[in-house]
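These are the residues of each chain, in order.
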Amino acid sequence: MNLGLLDYFQYEFMQRALISALVVGLCAPAVGVFLVQKRLALIGDGLGHIALTGVAIGFLTGTAPMWTTLAVTVAASIVMEILRSHSKTSGDVALAMMFYGGIAGGVYLTGIASDKGVANLQQYLFGSLLTAGWDEVWTIAVGGTVVAVLMLVLRPWLAAICADEQYARVSGLPVAALNLLLLITTAVVVSVSMRAVGLLLVSALLVIPVVTVQQFTRSFKATMFAAMAAGFLIAGAGVLASAVKDVPPGSTIVLIGVAVFVVTAVLAAVVRRVRRVRRGHLPPEGEPLEVELPAANA
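Residues numbered from 1 in each chain as written. Predicted model: local features only at pLDDT ≥ 70, side-chain atom pairs only at ≥ 80, totals over all residues. Heavy atoms only, no water.

As recorded by an unreviewed UniProt entry, the chain carries the name Metal ABC transporter permease and is attributed to Glycomyces tritici. In UniProt, the chain has this text filed under Sequence similarities (unreviewed entry): "Belongs to the ABC-3 integral membrane protein family." (UniProt positions renumbered as here; feature names shortened; annotations may be inferred.)

Draft legend 1. View of the UniProt feature "transmembrane region" (unreviewed entry) in the chain. UniProt records the feature "transmembrane region" (unreviewed entry) for residues 13-35, 95-114, 137-158, 170-190, 196-213, 225-244 and 250-271 in the present numbering. Note that residues 137-158 is 95% helix and 0% strand, and that its end C-alpha atoms are spaced 28 Å apart. As annotated, residues 225-244 comprises 100% helix and 0% strand, and the C-alpha atoms at either end are separated by 29 Å. (Helix = DSSP H or I, 4+ residues; strand = E, 2+ residues; numbered from the N terminus.)

Draft legend 2. Broad picture of helix α6 (residues 134-153). If you check α6, its first and last C-alpha atoms are 28 Å apart, about what 20 residues at 1.5 Å a residue would give, namely 28 Å. Every buried residue belonging to α6 is among Glu136, Val137, Ile140, Ala141, Gly143, Gly144, Val147, Ala148 and Met151, and all of these are buried. (Expected span 1.5 Å × (residues − 1). Buried < 20%, exposed > 50% of the residue type's maximum accessible area, 1.4 Å probe, protein only.)

Draft legend 3. Here's a closer look at the pattern of salt bridges. The final tally for this structure, using the stated rule, is two salt bridges. Among the ionic pairs, Lys38 bridges to Glu165, the shortest N-O distance being 3.2 Å. Taken as a pair, Lys38 in the loop between α1 (12-37) and α2 (43-61) and Glu165 in helix α8 (residues 165-170) lie far apart in primary sequence, 127 residues in all. Note on Glu165: relative accessible area 22%, which makes it partly exposed. Note that Arg169 and Glu165 form a salt bridge whose closest N and O atoms lie 3.6 Å from each other. Residue Arg169 and its partner Glu165 are both found in helix α8; the two are separated by four residues, about one turn of the helix. By relative accessible area, which is 40% here, Arg169 ends up partly exposed. One salt-bridge network, held together by shared partners, links Lys38, Glu165 and Arg169. (Salt bridge = Lys/Arg side-chain N within 4 Å of Asp/Glu carboxyl O.)

Draft legend 4. Geometry of empty space enclosed by the protein. For the structure shown, the criterion picks out two cavities of 30 Å³ or more. Computed from the structure, the second largest cavity encloses a volume of approximately 40 Å³. In terms of lining, the second largest cavity is formed by Ala204, Leu205, Ile208, Pro209, Ile234, Ile253, Val254 and Gly257. Here the element with the most residues in the lining of the second largest cavity is helix α10 (residues 202-213); it accounts for four residues. Tallied by class, the residues present in the lining of the second largest cavity amount to seven nonpolar, one polar and no charged. (1 Å grid on protein atoms, 1.4 Å probe; cavity = no way out; pocket = protein on both sides within 12 Å on 5 of 7 lines; lining within 4 Å. Points joined across faces, edges and corners; volume = space filled by probe spheres on them. Nonpolar A, V, L, I, M, F, W, Y, C, P; charged D, E, K, R; others polar.)

Draft legend 5. Highlighting the nonpolar core. Counting residues in hydrophobic clusters, the biggest one holds 69 residues, and the most contacted among them are Val31, Phe34, Leu47, Met151 and Leu199. It is α1 that contributes the most residues to this core, 13 residues altogether. (Core = buried A, V, L, I, M, F, W, Y, C linked by side-chain atoms within 4.5 Å.)

Draft legend 6. Broad picture of the side chain of Ser203. Secondary-structure assignment places Ser203 in helix α10. The class of Ser203 is buried, set by a relative accessible area of 7%. If we ignore the near neighbours within four places in the chain, the residues touching Ser203 are Ala41, Gly44 and Asp45. (Contact = heavy atoms within 4.5 Å.)

Draft legend 7. Quick peek at the environment of Ala141. Considering the arrangement of structural elements, one finds Ala141 in helix α6. For Ala141, a relative accessible area of 12% gives the class buried. Between the C-alpha atoms of Ala141 and Ile19, which are 122 residues apart in sequence, the distance is 7.8 Å.

Draft legend 8. Spatial organisation of the confidence of the model for the chain. Model confidence for the chain is summarised by a mean pLDDT of 79, while 82% of its residues fall at 70 or above. Least confident of the elements in the chain is helix α5 (residues 114-126), whose mean pLDDT is 62; most confident is α10, at 89. (pLDDT = per-residue confidence, 0-100.)

Draft legend 9. Here's a closer look at the environment of Gly25. Locating Gly25 in the fold gives a position in helix α1. Remark: the alpha-carbon pair of Gly25 and Val197, spanning 172 residues in sequence, is separated by 10.0 Å. Filtering out sequence-adjacent residues up to four positions away, Gly25 remains in contact with Met228, Gly231, Phe232 and Ala235.

Draft legend 10. Broad picture of the packing of helix α11 (residues 220-245) against helix α12 (residues 249-279). Viewed as axis vectors pointing N to C, α11 and α12 meet at an angle of 125°, and their least axial separation amounts to 8 Å. It follows that α11 is oblique to α12 by the angle criterion. Considering the relative orientation of α11 and α12, their crossing is right-handed. Of the residues in α12, those in contact with Ile234, Ala235, Ala237, Gly238, Val239, Ala241 and Ser242 of α11 are Pro249, Thr252, Ile253, Ile256, Gly257 and Val260. Partitioning the contact of α11 with α12 into residue classes produces nine nonpolar, four polar and no charged. (Axes fitted to C-alpha atoms, helices over the stretch in contact; angles between N-to-C directions. Parallel < 35°, antiparallel > 145°, perpendicular 65-115°, else oblique. Left-handed = near helix turned anticlockwise from the far one by under 90°.)

Here's what the structure looks like:
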């Protein structure tokens, strides 16, 4: 039976998949824009790996894996920030510890719960939107909305610590609290996104929409809103394409995102080439994003 594109959404499981993907596509870049600017693009991978331990704990305790994953990733983000700011351990070393410890803990605990964990682990590693129930959809929707609103409200302050953390501290901003908040919201995004794109692919939605729109945007504000729009469209297109081709939505979303980035990068290179020819010189590259610094008493 040949179905029209919109006919697929007469089915409830497709409606749930689309809602979940759109929410994740919107909220992930809202956090990712700050991570990219702070050169923490791989933090999503680190939390994604440690989230395996949270999933395994869910299997062992019979608790919904999303909640145990949220607890474990939030705790890990707090520990990572403490290590980074109050010890000699650098951020990349702390991140590496998350990679190693997360994978080891997840594999070890899943092995203990092998009778009920091994078969189910795949849907959390690579995403399984089509099997998500309405309770999970609403959890994703609420968590994603809270994250997106929080990032939009705190954008001037978070942008300030991304641009110049030392200046932000001198200006009176609570830098430590803002850094911790950024890591915690990343943990929330990882936890709610694991059913959409999977723990091994979640970092893609944090990063790809941001680096895609950065090819053309110059201000922090423009980059943030454009990245959220790009993530929204990429996630929606991925679900539609997966329905037509009958392939997993998570990997489809990521592949479409990568394809969009490649096309955008090529177009940006062509535009720069044209400008260079017209002006007779190469325009400056790697310019930092323009950031509106909040007042010291904000």
